[in-house]
Amino acid sequence: SQPGVTAYRFITSDYSGTLAIQTTSPRITVDQLWMLGVDTDRLELRGKIHYKVERTGVFELNMGLPDLWTLESVEPRDLVDDYQLKGSGQTRTLHVLLKKEMAGEFDLTLVARADRAQADSPVDFALPLADANDLQLYQGQLMLLLPDQLQAQVEEVRQLQAIPLGQAQKWADIAGLSPAMAFEFRSIDRDKSAGGKFKVDVKPVQVSATIHRLLNIQPGSVEQEAIVQYRIRYAPIDTFYLKMPAALADAGV
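Residues numbered from 1 in each chain as written. Predicted model: local features only at pLDDT ≥ 70, side-chain atom pairs only at ≥ 80, totals over all residues. Heavy atoms only, no water.

**Re the pattern of salt bridges**
As a working rule, side chains carrying opposite charge can pair if their charged atoms are close by.
So, step 1. Applying the stated criterion across every chain, the model contains 11 salt bridges.
So, step 2. One salt bridge connects R158 with E156, and the closest N-O pair in it is separated by 3.6 Å.
So, step 3. Here the residues in one salt-bridge network are D39, R42, E44, R46, E72 and R113, joined through shared partners. (Salt bridge = Lys/Arg side-chain N within 4 Å of Asp/Glu carboxyl O.)

Encoded structure:
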């Protein structure tokens, strides 16, 4: 019941041959979606890795994950048997052992975190790369997310191409952060670094105020009462200044 693989023609009676038989290697396509959340005191990385495995199945998977990141989870649990980090530095590798041989299409998701020293410190992101063994196609997207009080500028991109946010796939939410930039990558050259460096700044404080004033005019006197409603964005402040007529200055606040 097996299909034919190859065939030979013989024209003499003493025909023979020697065949080298070995296990078929899988053919793997990887599509990665990365969400990089940059908050004032932390980084959060979420990855959705879509695998397409053909010809034969796989029991384990490998992917680069630099020392910067503390890994919190690799899922789904019904697919992932165990995972561990091997090596150190930029060449540290995440090794994932599957519960069974997998072929066809399936997804892995991971969550990792790292600390930030200051709110305005730059972010240099190295793209985690899937294992090159048996890899036929590698592509994906990176989305940068920020809180309202931070803004980012691109200092350098390495093998990434900027795309409109509307074309990026936002497959998960990171609490308190919103999409700011998006990039895509294809055909990564592993002899060169891949990723991007971002300059991050705290937005200047923005204050808006709405004043509600009550004027009570009586014979021989005028009473004034004002309620000021403030809206403060991007940074806290503790001092406010109000201009008022000198005659009212002693009335108090």
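Once you've had a look at it, read on.
**A look at the sheet that holds strand 6 (residues 123-126)**
So, step 1. Pairing is antiparallel across the open sheet formed by 3 strands, whose spatial order is 6-11-8. Each edge of the open sheet carries a strand with a single partner, namely strand 6 and strand 8 (150-158). Neighbour to neighbour, the strand axes of the sheet diverge by 25 degrees on average, direction disregarded.
So, step 2. As paired elements, strand 6 and strand 11 (residues 195-202) share 4 bridges and run antiparallel to each other. Residue pairing for strand 11: D124 is matched across the bridge by K197. (Pairing = 2+ DSSP bridges. Helix = DSSP H or I, 4+ residues; strand = E, 2+ residues; numbered from the N terminus. Axes fitted to C-alpha atoms, helices over the stretch in contact; angles between N-to-C directions.)

**Regarding the side chain of Q141**
So, step 1. Tracing the sequence through the fold places Q141 in strand 7 (residues 135-146).
So, step 2. The contacts of Q141, once residues within four sequence positions are left out, are Q32, L33, W34, I163, Q167, A168, Q169, F183, E184 and F185. (Contact = heavy atoms within 4.5 Å.)

**A short note on a nonpolar patch on the surface**
So, step 1. A cluster of nonpolar side chains, namely V205, V207, Y230, I232, I237, F240, L242 and M244, defines an oily patch on the protein surface of about 640 Å² accessible area.
So, step 2. Its location among the elements puts V205 in the loop between strand 11 and strand 12 (206-218).
So, step 3. Taking the relative accessible area as the measure of exposure, V205 reaches 39% and is therefore partly exposed. (Patch = residues over 30% accessible without salt bridge, like charges linked within 9 Å, V, L, I, M, F, W, Y side chains within 5 Å. Areas by Shrake-Rupley, 256 points an atom, 1.4 Å probe, with all protein chains shown as cover. Buried < 20%, exposed > 50% of the residue type's maximum accessible area, 1.4 Å probe, protein only.)

**Quick notes on the pairing of strand 12**
Note on strand geometry: in a regular strand, side chains alternate between the two faces of the sheet.
So, step 1. Pairing of strand 12 with strand 13 (residues 221-233) involves 13 bridges; the strand directions are antiparallel. Counted as the bridge partner of L214 is E225 from strand 13.
So, step 2. Counting the residues that bridge the hairpin from strand 12 to strand 13 gives 2 residues, and of these G220 lies at a positive phi of roughly 90 degrees.

**Details of the environment of L97**
So, step 1. Residue position: L97 is located in strand 5 (residues 93-115).
So, step 2. Residue L97 is classed as partly exposed on the basis of its relative accessible area, which comes to 32%.
So, step 3. Put simply, L97 and Q169 are 72 residues apart on the chain and 27 Å apart in space, counted from C-alpha to C-alpha.
So, step 4. Leaving out residues up to four positions away in the same chain, L97 has contacts with F59, E60, V80, D81 and D82.

**Focus: the packing of aromatic side chains**
So, step 1. Taken as a whole and assessed by the stated rule, the structure comprises 5 aromatic pairs.
So, step 2. Residues Y230 and F240 carry aromatic rings whose centres are separated by 4.4 Å and whose planes lie at 40 degrees to one another, so their mutual orientation is tilted. Within this pair, whereas Y230 is found in strand 13, its partner F240 is found in the segment after strand 13, the two being separated by 10 residues in sequence.
So, step 3. For Y230, a relative accessible area of 34% translates into the label partly exposed.
So, step 4. Relative accessible area serves as the criterion here: at 38%, F240 is assigned to the partly exposed category. (Phe/Tyr/Trp six-rings, centres within 6.5 Å; stacked < 30°, edge-to-face > 60°.)

**Considering the side chain of Q32**
So, step 1. With respect to the helices and strands, Q32 occurs in strand 1 (residues 27-38).
So, step 2. Here Q32 falls in the buried class, since its relative accessible area comes to 0%.
So, step 3. Setting aside residues no more than four positions away along its own chain, Q32 makes contact with K48, I49, M63, P128, A130, Y138, Q139, G140, Q141 and F185.

Bear in mind that shape data such as this cannot, by itself, settle questions of function.
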